[in-house]
Amino acid sequence: MQGPIRDILIVGGGTAGWLSASIIAAHHKTEDGSGPRVTLVESSDVPTVGVGEGTWPTMRQTLRRIGLKEHDVFRTCHAAFKQGGKFAGWQHGKDDFYYHPFTVPLGYGKIDLAPYVDDVAEFATASNWQQHVCEAGLAPRSLGEREYEAQCNYAYHVDAGALADLLKHHCRDNLGVTHVVDTVTGVELSDDGSIRAVKLEQRDELAADLFIDCTGFASVLLGKTLDVPFLSADKYLFNDSALAVHVPYPTDDAPIACHTVATAQNAGWIWDIGLTHRRGVGHVYASEYLSDDEAAANLRAYIGPAAKDLEFRKIGFRSGHRAEYWCKNCVAVGMSGGFVEPLEATAIMLIEIAARYVAEQLPASSDIMPITARRFNEQMDYRWRRIIDFLKLHYALTERPEPYWQAHADPKGMPESLREDLALWSHRGPIRSDFESAAELFPAASYQCVAYGMGFRPDFRQQSHLLRDGDQASRIIERNRQLTQQMLQQLPSHREYINRWLAAA
Ligand code: FAD
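What counts, and where the lines are drawn
Residues numbered from 1 in each chain as written. Predicted model: local features only at pLDDT ≥ 70, side-chain atom pairs only at ≥ 80, totals over all residues. Heavy atoms only, no water. Helix = DSSP H or I, 4+ residues; strand = E, 2+ residues; numbered from the N terminus. Rg over C-alpha atoms; globule rule 2.2 N^0.38 Å. Buried < 20%, exposed > 50% of the residue type's maximum accessible area, 1.4 Å probe, protein only. Areas by Shrake-Rupley, 256 points an atom, 1.4 Å probe, with all protein chains shown as cover. Lys, Arg positive; Asp, Glu negative; His and termini not counted. Charge placed at Lys NZ, Arg CZ, Asp CG, Glu CD. Pairing = 2+ DSSP bridges. Axes fitted to C-alpha atoms, helices over the stretch in contact; angles between N-to-C directions. Core = buried A, V, L, I, M, F, W, Y, C linked by side-chain atoms within 4.5 Å. Contact = heavy atoms within 4.5 Å. Salt bridge = Lys/Arg side-chain N within 4 Å of Asp/Glu carboxyl O.

## A short note on the overall build of the protein
Move 1: Within the protein one finds 15 helices and 21 strands.
Move 2: The C-alpha atoms of the protein give a radius of gyration of 23 Å, which matches the 23 Å a tight globule of 505 residues would have.
Move 3: The dimensions of the protein, computed from C-alpha atoms along their principal axes, are 65 × 50 × 50 Å.
Move 4: Burial status across the protein gives 58% buried among its 505 residues.
Move 5: Approximately 21000 Å² of the protein is accessible, and the part contributed by carbon and sulfur atoms is 49%.
Move 6: Taking the average location of the 50 positive side-chain charges in the protein and that of its 65 negative ones, the two points are 3 Å from each other.

Here you go:
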């Protein structure tokens, strides 16, 4: 295969498919339509996974870049703000909780405040006001501020189906994407083993220069056709099942949480995501330790009386990723390339990153595709390793007694890289230079919030140089106290802000 990449075929119309189409088409939009042609084919017989409602702050930039107004996203996707995650019961399973807020600590990049905080378990609140804003149920910005901007870093909670629908209309109406509804029944390969065309159930084949596999767990192109192996991560991350449900609010004006709540259970955890019209709640668990009935009982107990008439939807999954994500002329984006439990909403973030990478490479000549593919694969491998380590960190430091949690805390079940990190961090905690790869996903501050929130205590005294900027640290910690008070006084309640903003928009 030679020549420039002109035709791109995206197979799959879930969040991965429509986000990829939007990102690539928006990146190459020209007045004369001279950019690559983007077509998306999706089956009406294969449903989307229908979950995936928590995002990462990268989504703000993505929505803005593809040309969507933020208030349209809120209105059509029943969206709400997400300012981080609250992890309840992960350390002891009693009343313990900690936050992983999206705003980085005050003074981040200039000074590491952790060694100066009296009790490093309080790191998140001593260095950052956002946990208090979340506990108070406030919006990240006030009415005077413009859309996509805020005093507190934020992402979104969105209705997954509504987001895919909004992106679909935007792609078709504004970005020139061709939409085909049909099922891929087979694949035609070229002599060099790359994909020439996909065969469809109801019409002629569709040929393209580059194929983007967004077929979810089915991985129709990369997994089934090109036979790229799946590398399991289940020895580190034990969960393989989820029960999902939509929970109505008791009243129209009920408060909306402005963060995801992840509440630990005896063999898994429950997510709780607040949208404007309902909550999305679900139990992620390990079938080796918990039966479906026990998980359903956990979920009912968590939801309370409102669970009475609700039916739960079971979703099975395998944790892991493919050995390659870009093979020949096929790139897997979304769950076709890999999936791990949604503890930090990394899946949609990876979709954004992967689609953007593809967009930025086009319309390169296809003979340089092996170079692009190799670099992409190296970066994605690194990211998957980091994600697995970071998710495992949430479990590794637990003191919960149940067998599931004890198995997680067993160093023999941790990736070697995480064991090494924990050994280094025992003297000085996570620091920025641990996370300086261009492919990094989470800043050191994220690892600090999780590790310290879970009770990790480095012995900072062994590193006296970490303690020599006491005056500066005190000033920043005091400034954070003042800012916290200011935010608590100035920011409006989450639901009130959304209602008033949308009414005025
Ligand atoms: P899917 O939604 O499964 O879409 C697959 C598409 O491929 C469909 O349109 C289907 O019709 C099409 N298709 C399949 N086979 C064919 C065929 N033969 N021919 C034509 N079309 C075909 N991610 C987050 O970032 N945050 C979260 O909070 C989060 N929560 C999650 C909770 C759970 C329980 C699970 C399982 C996942 C969660 N995720 C989350 C992941 C997130 O849902 C997915 O990454 C996201 O929805 C993208 O899915 P997808 O588009 O890859 O696959």
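## Points about the sheet that holds strand E5 (residues 97-101)
Each strand in a sheet pairs with its neighbour through backbone hydrogen bonds, running either in the same direction (parallel) or in the opposite one (antiparallel).
Move 1: Strand order in the open sheet formed by 7 strands is E5-E4-E14-E15-E16-E13-E17, and the pairing between neighbours is mixed. The open sheet has two free edges, formed respectively by E5 and strand E17 (313-316), since each of these has just one partner strand. Across the sheet, the mean angle separating the axes of adjacent strands is 20° when strand polarity is ignored.
Move 2: As judged from the 4 bridges shared by strand E4 (residues 84-88) and strand E14 (residues 260-265), these two strands associate in the parallel manner. Its bridge partner lying in E14, Ala88 is registered against Thr263.

## Focus: unusual backbone geometry
For residues other than glycine, phi is negative in most cases, and the peptide bonds are mostly trans.
Move 1: Even without being a glycine, Asp227 presents a positive backbone phi close to 60°.
Move 2: Positionally, Asp227 belongs in the loop between helix H7 (220-225) and strand E12 (230-232).
Move 3: On the basis of relative accessible area, Asp227 is assigned to the exposed category, the value being 61%.
Move 4: In this structure, Ala345 takes a positive phi of about 50° despite not being glycine.
Move 5: Within the secondary structure, Ala345 is located in the loop between strand E21 (338-339) and helix H9 (346-361).

## Things to note about the nonpolar core
Move 1: Counting residues in hydrophobic clusters, the biggest one holds 151 residues, and the most contacted among them are Ile8, Trp90, Val177, Leu210, Trp326 and Leu393.
Move 2: Counting residues per element, this core draws most heavily on helix H10 (residues 369-396), which supplies 12 residues.
Move 3: If near-sequence neighbours (up to four positions away) are discounted, Trp326 is found in contact with Leu210, Val331, Tyr357, Val358, Met369, Thr372, Ala373, Phe376 and Asn377.
Move 4: Judged by nonpolar contacts, the second largest core, of 18 residues, contains Leu200, Phe211, Leu221 and Leu222.

## So, the pattern of salt bridges
Move 1: For the structure shown, the criterion picks out 25 salt bridges.
Move 2: Asp421 is the partner of Arg386 in a salt bridge, and the nearest nitrogen-oxygen pair spans 3.9 Å. Placement of Arg386 in helix H10 and of Asp421 in helix H12 (residues 416-428) is noted, with a sequence separation of 35 residues between them. Each member of the pair, Arg386 as well as Asp421, is classed as buried.
Move 3: A network of salt bridges, in which partner residues are shared, links Glu53, Asp159 and Arg278.

Interpretation in functional terms is not warranted from these geometric data alone.
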